[in-house]
Amino acid sequence: MKRAFILMALCLAGLQMAIAQANLPGAQKSTSAEEQEVLTLSKNKWGWMADKNTDQLNGLFDDKCVFVHMGGSWGKTQELNTIKGGMIWYKKAEVYGASVNVFGNTAILLNDIDLVAVVGGNEVVHSFMVTEVYLKQDGKWKMGSLTFSQLMRPVKLKIDAPKN
């Protein structure tokens, strides 16, 4: 009887923890219209970064937006100058999973990506979990933070070797 009670308590605790988990990349769940809006905005952002479209990015990034990279952290003006000047070219972001959690006027989005970038003239590929924080201001989502966290998993993206 005691074992049955303990087993039932553990099952209930496990079920409660499973329900309380945040949305993570790759998790299956229905997406609200607001969550889909943020996911679409993030997807568009990767395209704008690859295209070096600093006009669109300027409108997306809040003036107090912060960026955390492997090599440092900085604000909106430096990020836009870095993209425009080609110091970092976000050539291709292969997104394997994305999720978003909305808390009132704040959305936190996670992207599991492989990023092909040109940094200082050298092409590099890294696996990242990218955290994006969006703030809803006057009915429009603005980015407040973008953080790259390198993952321990190997790069999944297959890249053709450069031709000489």
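Please refer to the structure placed before this passage.
Residues numbered from 1 in each chain as written. Predicted model: local features only at pLDDT ≥ 70, side-chain atom pairs only at ≥ 80, totals over all residues. Heavy atoms only, no water.

Asks: Tell me about the overall build of the protein, and name the residues and values.
Replies: When helices and strands are counted, the protein shows 4 helices and 6 strands. Of the regular secondary structure in the protein, the N- to C-terminal order runs α-α-α-β-β-α-β-β-β-β. Split into buried and exposed, the 164 residues of the protein put 34% on the buried side. Within the protein, contacts between residues separated by at least 24 positions form 54% of all contacts whose residues are at least 6 apart in sequence. Surface accessibility of the protein: about 10200 Å² in total, with carbon and sulfur atoms responsible for 57%. (Helix = DSSP H or I, 4+ residues; strand = E, 2+ residues; numbered from the N terminus. Buried < 20%, exposed > 50% of the residue type's maximum accessible area, 1.4 Å probe, protein only. Contact = heavy atoms within 4.5 Å. Areas by Shrake-Rupley, 256 points an atom, 1.4 Å probe, with all protein chains shown as cover.)

Asks: Tell me about helix α4 (residues 76–84), residues and numbers included.
Replies: Buried within α4 are the following residues: K76, E79, L80, T82 and I83. For α4, the angular spread of the buried residues around the axis is 160°, confining them to a single face. Within α4, the exposed residues directed more than 90 degrees away from the buried face are T77 and K84. Immediately beyond the C-terminal end of α4, within one or two residues, lies G86, with a positive phi of roughly 80°. (Arc of directions from axis to C-beta.)

Asks: Break down the pairing of strand β6 (residues 140–150) for me, citing the residues and quoting the values.
Replies: Pairing of strand β1 (residues 61–69) with β6, which is carried by 4 bridges, proceeds in the parallel orientation. Its bridge partner being in β6, F67 is matched across the sheet by L146. The turn joining strand β5 (residues 122–137) and β6, which pair antiparallel and follow one another in sequence, is formed by 2 residues; a positive phi near 50° is taken by D138. (Pairing = 2+ DSSP bridges.)

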